Structures are given as structure tokens and as C-alpha cells.
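Chains, contacts and geometry: an overview
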Amino acid sequence: MPTSRRPEPGAPKSRSTIRTSRWAIPAARPRSAPPWRSGEIGREEIGDDDVCHSWDKFSEVASTSAGSELAYCEVIVFGNSAQASGDLFMSHGVMTDAIDAKPLLAMLADHPGAEVVQVLAKAEADPTGLIRGRRHTMLNDSDINHTRHARAAVGAVLASIVGDPMIYVSGGAEHQGPAGGGPVAVIFRRTNT
């Protein structure tokens with residue numbers, strides 16, 4: 001990822017590059033797994049001007065991370081296969097906001113008796129400053145970065161449902177689910193019950 005000390009390789013000198021981590025990282029996340037790659041949106045329907053602006057253009061399946069500490073991309077793909085012989089499987093849904101418990105509750109209801117091995121989610125502070133019409137302070141708290149607030153809130157909601165705080169919530173969900181929401185996935189273990 002380009003930074004002030006590591007510009008984009010091969011970028012023409014006349015080309016402007018986002019050089020601060022504050023904006024480079026949020027811009028990099030949606031470009032890492034754009035919704036047109038998964039077929040959710042046509043390639044012609046989304047462009048550079050949409051990134052971090054057109055919040056109605058998002059993926060329901062992608063979860064990406066970006067950081068200035070990385071000099072290259074790392075890709076991990078999770079999914080289910082009919083050829084898999086193990087006892088683990090996944091399910092996923094999309095939270096519409098930071099307190100949306102319905103997707104996780106639906107996954108648990110769809111797989112009664114299966115053991116929850118891990119819950120994974122993406123979270124971001126809603127850029128409108130509101131959750132369900134009520135003001136939130138995640139974007140303007142001077143003590144804690146908004147991604148930490150969002151991760152804590154979403155982690156608490158999900159942990160309260162599964163009864164286990166070992167939840168992985170990644171911050172920064174730009175274009176990964178609706179603005180203020182994000183994808184949530186569960187790795188389950190099949191049981192003999």
C-alpha cells in the first residue's frame with residue numbers, strides 16, 4: 001500500500017497518490033475485494049469516484065484488511081466445499097448496523113446443535129453519525145479511534161449472543177456490507193446430535 005515513504009510502484013510522477021494512512025487505508029480496503037469481483041455489482045457500475053462515497057455499493061461476502069505495515073497483499077479465502085471431509089463449515093450474513101444481531105441469530109437457528117468455533121465480523125462507525133436514528137459518538141471521541149469503538153460495540157453484541165468473548169472483529173468495513181454494518185461469519189463444527 002502506498003505511504004508517504006513508500007509511493008505506489010510505477011506510478012507516474014504526475015499522478016497523485018493518497019499518502020496519509022488516515023485515507024490510504026480506508027481507500028485500500030474496498031479496492032482489495034470490490035463487489036464487482038464477486039459478481040454482486042457490474043464492473044461498469046462502480047468506479048474510483050465511488051470508493052468511500054457511494055455507500056450503497058457494497059459486498060455482502062468480502063472482508064478485507066489493509067495496513068501500512070504491509071508491502072504486499074495477503075489473501076485468505078474461507079468457504080464451504082462439497083469435497084471437504086472435515087467437520088468444520090461456515091455460514092455468513094450481513095449486519096445492517098453495529099447492533100444488528102439478526103444475522104448471527106439466524107445462523108445459529110439454521111444450524112442447531114452445531115458447535116460455534118469462531119465468529120468473524122467487520123465493523124465500522126456509521127459515517128452518518130447515527131445508528132437507527134440515534135446519535136453515536138464513535139466518530140468524534142477524542143480518546144479512542146472510531147474503529148476501536150466500532151469493534152468493541154460489535155464484538156460485545158456478538159459475544160453476548162454466543163456467550164463467548166472470543167470473537168474476531170476487524171475494523172474498517174468500507175463497502176463491506178452497508179455503511180455502519182458489515183459481514184459476519186461463523187465457523188461451525190458438525191456434531192453427532
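Conventions we followed
Residues numbered from 1 in each chain as written. Predicted model: local features only at pLDDT ≥ 70, side-chain atom pairs only at ≥ 80, totals over all residues. Heavy atoms only, no water. Salt bridge = Lys/Arg side-chain N within 4 Å of Asp/Glu carboxyl O. Helix = DSSP H or I, 4+ residues; strand = E, 2+ residues; numbered from the N terminus. Buried < 20%, exposed > 50% of the residue type's maximum accessible area, 1.4 Å probe, protein only. Contact = heavy atoms within 4.5 Å. Arc of directions from axis to C-beta. Polar contact = N/O pair within 3.5 Å; in protein donor to acceptor, adjacent residues only side chain to side chain. Pairing = 2+ DSSP bridges. pLDDT = per-residue confidence, 0-100.

1. Looking at the pattern of salt bridges
Within the structure shown, the criterion is met by three salt bridges. We note a salt bridge from Asp97 to Arg132, for which the minimum N-O separation is 2.7 Å. Here Asp97, found in the loop between strand E1 (88–95) and helix H2 (102–110), pairs with Arg132, found in the loop between strand E3 (130–131) and strand E4 (134–135); they are 35 residues apart in sequence, far enough to count as distant. Residue classification places Arg132 among the exposed residues on the basis of a relative accessible area of 56%. Through salt bridges with shared partners, a single ionic network connects Asp87, Glu115 and Arg189.

2. So, the environment of Pro103
Here Pro103 lies in helix H2. Its relative accessible area of 12% is what places Pro103 among the buried residues. For Pro103 and Ala185, which are 82 residues apart along the polypeptide, the C-alpha to C-alpha distance reads 8.9 Å. Sequence-distant contacts of Pro103, that is, excluding residues within four places in its chain, are made with Gly93, Val94, Met95 and Val184.

3. Thoughts on H2
If you check which residues of H2 are buried, you get Pro103, Leu104 and Met107. The buried residues of H2 occupy an angular sector of 100° when projected down its axis, which confines them to one face. The outward face of H2, more than 90 degrees from its buried face, is lined by the exposed residues Lys102 and Ala109. Against the buried residues of H2 lie E1, helix H3 (146–162) and strand E6 (182–189).

4. A short note on the side chain of Glu124
With respect to the secondary-structure elements, Glu124 resides in the loop between strand E2 (115–123) and E3. Among the polar contacts made by the side chain of Glu124, one reaches the main-chain amide nitrogen of Gly180 at a distance of 3.0 Å.

5. Details of the pairing of E2
The pairing of E2 with E6 spans six bridges and is antiparallel. The residue bridging Val119 from the neighbouring strand is Val186, located in E6. In terms of strand pairing, E2 meets strand E5 (residues 167–171) through five bridges, oriented parallel. Considered in E5, the bridge of Leu120 is made with Tyr168.

6. Section: the confidence of the model for the protein
Averaged over every residue, the pLDDT of the protein is 78; residues scoring 70 or more account for 66%. The secondary structure element of the protein with the lowest average pLDDT is helix H1 (residues 21–32), at 56, and the one with the highest is H2, at 97. Overall, residues 17–22 carries pLDDT values under 50, and its contacts beyond four positions in sequence, including any with other chains, amount to twelve contacts.

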